[in-house]
Amino acid sequence: MDDAIVIREATAADSHGIARVLVDGWQTTYVRILPADFLASFTYDQHEAGTRGLLDSLPSSSAVFVAVEDRAVVGVAVIREVNEGNEFSSELDAIYVS
């Protein structure tokens, strides 16, 4: 068994794994911050569809990366272009790790 974690650019095939990381991350991280019914409304299917849409329409100035261990997505990071007038060209918009 290879214990290496591979970081690579996400593809549409990663959408389900990304959805699992995001939903699980929100439901555990924000349990005492956001209403329980709101967090319970998050579904893997809903976020998988949203992730596919994001990846399909991602501008070339942005990127989504995944961390993969044993063929499973265990982390996701989103890099986005920042608005004009900022000294930086991009920012880390989101990072979630199982």
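In every chain, residue numbers begin from 1 and rise along the written sequence. This being a predicted model, a pLDDT of at least 70 is required before a residue's local features are given, and a value of 80 or more before pairs of side-chain atoms are given or counted; all residues contribute to the totals for chains, interfaces and linings. Side-chain metrics in this entry use all non-hydrogen atoms of the structure; hydrogen atoms and water are not considered.

**Q** Explain the packing of aromatic side chains to me, please; I cannot follow it from the model alone.
**A** Each aromatic ring pair is specified by the distance between its two centres and by the angle formed by the two planes. Only rings of Phe, Tyr and Trp enter the pairing, Trp through its six-membered ring, and a pair is recorded when the two centres are within 6.5 Å. The plane angle decides the type: under 30 degrees is stacked, over 60 is edge-to-face, the rest tilted. By the definition in use, this model includes 3 aromatic pairs. Considering the side-chain rings of Trp26 and Phe42, the 5.5 Å spacing of their centres and the 45 degrees angle between planes classify their relative orientation as tilted. Taken together, the residues span a long stretch of sequence, with Trp26 in helix α1 (residues 15–29) and Phe42 in the loop between α2 (36–40) and α3 (44–57) at a distance of 16 residues. Three exposure classes are used, based on accessible area relative to the maximum for each residue type with a 1.4 Å probe and protein chains only: buried under 20%, partly exposed in between, and exposed over 50%. Among the residues examined, Trp26 registers a relative accessible area of 25% and is labelled partly exposed. Only runs of H or I of at least four residues qualify as helices and only runs of E of at least two qualify as strands under DSSP, and these elements are numbered from the N terminus.

**Q** How should I be thinking about α3 in this particular structure?
**A** Residues lying three or four places apart along an α-helix face the same way, a consequence of the helix completing one turn every 3.6 residues. Given a rise of 1.5 Å per residue, 14 residues ought to cover 20 Å, and the 20 Å separating the end C-alpha atoms of α3 matches this to within 8%. The contact rule is simple, with two residues in contact once any of their heavy atoms fall within 4.5 Å. Residues of α3 that are buried in the fold lie against α1 and β2 (63–69). To estimate how far a helix should extend, the number of its residues minus one is multiplied by 1.5 Å.

**Q** Is there a simple way to think about the pairing of β2 in this case?
**A** In terms of burial, β2 is largely enclosed, as 5 of its 7 residues are buried. The pairing criterion is simple: DSSP has to find at least two bridges between the two strands. Across 5 bridges, the pairing between strand β1 (residues 5–9) and β2 is antiparallel. The residue of β2 that forms the bridge with Ile7 is Ala67. With 7 bridges joining them, β2 and strand β3 (residues 72–81) adopt antiparallel strand pairing. Paired with Glu69 across the two strands is Ala72, which belongs to β3. The antiparallel pairing of β2 with β3 creates a hairpin that spans 2 residues between the two strands, and Asp70 there sits at a positive phi of about 50 degrees.

**Q** Where do I start with α1 in this structure?
**A** Between its terminal C-alpha atoms α1 stretches 21 Å, which fits the 21 Å expected from 15 residues at 1.5 Å a residue. Considered for burial, the residues of α1 that qualify are Ser15, Gly17, Ile18, Ala19, Val21, Leu22, Val23 and Gly25.

**Q** How do you make sense of the sheet that holds strand β4 (residues 90–97) when you look at a structure like this?
**A** Strand pairing in a sheet takes place through backbone hydrogen bonds and is either antiparallel or parallel in direction. Pairing within the open sheet is antiparallel, and its 4 strands lie in the order β1-β2-β3-β4. Edge strands, defined here as strands with exactly one partner in the open sheet, are β1 and β4. Going across the sheet, the axis of each strand differs from the next one's by a mean of 20 degrees, ignoring polarity. Axis definition: a line fitted to C-alpha atoms, limited for helices to the stretch in contact. Angles are taken between N-to-C directions and run from 0 to 180 degrees. Its contacts with the sheet put α1 on β2, β3 and β4, and the angle it makes with β3 is roughly 85 degrees.

**Q** I'm lost on the nonpolar core in this one. Help?
**A** A general tendency of soluble globular proteins is for nonpolar side chains to be buried together. In this text, buried Ala, Val, Leu, Ile, Met, Phe, Trp, Tyr and Cys residues form a nonpolar core when linked through side-chain atoms within 4.5 Å. Counting 12 residues, the largest nonpolar core consists of Ala10, Ile18, Val21, Leu22, Leu55, Val64, Val66, Val68, Val73, Val76, Val78 and Tyr96. At the level of secondary structure, the elements contributing two or more residues to this core comprise α1, β2 and β3.

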